[in-house]
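Geometric and topological summary
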Amino acid sequence: YEMDAFDMAAVIKLQRQIGRRFNKVLIDINGSRDIGTVHKCLDKLQKTLMPDLFIVKSVQIKTLVLQTSPWLEPEDLLPLLPPPKN
């Protein structure tokens, strides 16, 4: 189904018509919408649907993700370290 992701009433109506919870949501952002707008959309959908998974096609998010690196806590590194020698 294709619809305005900001129209929560329409999203809820469609979910009721189908008779199932939307547990996965695919959002194809038309063009390169501002990342703040994308965040607002995701926030509204998260609060309304509480899906298990979001898939977002967005040039802005892709650009942001490619500029990041994972944050690792010291305890996260333990499985990556070789075992101690006896």
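Our subject is the structure that appears above.
Now for a description of the structure that goes with this document. (Residues numbered from 1 in each chain as written. Predicted model: local features only at pLDDT ≥ 70, side-chain atom pairs only at ≥ 80, totals over all residues. Heavy atoms only, no water.)

A few words on helix α1 (residues 8-18). Along α1, the residues classified as buried are Met8, Val11, Leu14 and Gln15. An end-on view of α1 places all buried positions within 125 degrees of arc, on one side of the element. In this structure, α1 carries Ala9, Lys13, Arg16 and Gln17 as exposed residues pointing more than 90 degrees from its buried face. (Buried < 20%, exposed > 50% of the residue type's maximum accessible area, 1.4 Å probe, protein only. Helix = DSSP H or I, 4+ residues; strand = E, 2+ residues; numbered from the N terminus. Arc of directions from axis to C-beta.)

Taken as a whole, the largest pocket spans an internal volume of roughly 710 Å³. Lining the largest pocket we find 23 residues, and of these Tyr1, Met3, Ala5, Leu26 and Ile27 sit closest to its centre. The set of elements that each furnish at least two residues to the lining of the largest pocket consists of α1, β1 (24-28) and α2 (35-49). Split by residue class, the lining of the largest pocket holds 16 nonpolar, 2 polar and 5 charged. (1 Å grid on protein atoms, 1.4 Å probe; cavity = no way out; pocket = protein on both sides within 12 Å on 5 of 7 lines; lining within 4 Å. Points joined across faces, edges and corners; volume = space filled by probe spheres on them. Nonpolar A, V, L, I, M, F, W, Y, C, P; charged D, E, K, R; others polar.)

On to the side chain of Ser58, then. Position of Ser58 relative to the elements: it lies in the loop between β2 (53-57) and α3 (59-66). Residue class for Ser58 comes out buried when judged on its relative accessible area of 8%. In this structure the side chain of Ser58 is engaged in a polar contact, spanning 3.2 Å, whose partner is the backbone nitrogen of Ile61. When sequence neighbours within four positions are dropped, the list of residues in contact with Ser58 reads Ile29 and Val38. (Polar contact = N/O pair within 3.5 Å; in protein donor to acceptor, adjacent residues only side chain to side chain. Contact = heavy atoms within 4.5 Å.)

A grouping of Leu26, Leu53 and Ile55 is seen on the molecular surface, where their side chains present a nonpolar patch of about 290 Å² in accessible area. With respect to the secondary-structure elements, Ile55 resides in strand β2. (Patch = residues over 30% accessible without salt bridge, like charges linked within 9 Å, V, L, I, M, F, W, Y side chains within 5 Å. Areas by Shrake-Rupley, 256 points an atom, 1.4 Å probe, with all protein chains shown as cover. Salt bridge = Lys/Arg side-chain N within 4 Å of Asp/Glu carboxyl O.)

What you see with β1 is a clean split: Val25 and Ile27 sit on the buried side and Lys24, Leu26 and Asp28 on the side with no burial. Pairing of β1 with β2, which is carried by 5 bridges, proceeds in the parallel orientation. Bridge assignment links Lys24 to a residue of β2, and that residue is Leu53. (Pairing = 2+ DSSP bridges.)

We now examine the pattern of salt bridges. Think of it this way: side chains of opposite charge can pair up when their charged atoms draw near. Enumeration over the complete set of coordinates arrives at 3 salt bridges. Ionic pairing is found between Arg21 and Asp52, a salt bridge with its closest N-O pair at 3.2 Å. Pair noted here: Arg21 is in the loop between α1 and β1 and Asp52 is in the loop between α2 and β2, with a separation of 31 residues, a long-range link. What makes Arg21 partly exposed here is its relative accessible area of 43%. The closest approach of N and O atoms between Lys47 and Asp43, which form a salt bridge, is 3.1 Å. Within this pair, Lys47 and its partner Asp43 are both found in helix α2, separated by 4 residues, close to a single helical turn. Lys47 sits in the exposed class, given a relative accessible area of 62%.

Coordinates in, geometry out; function isn't part of it.
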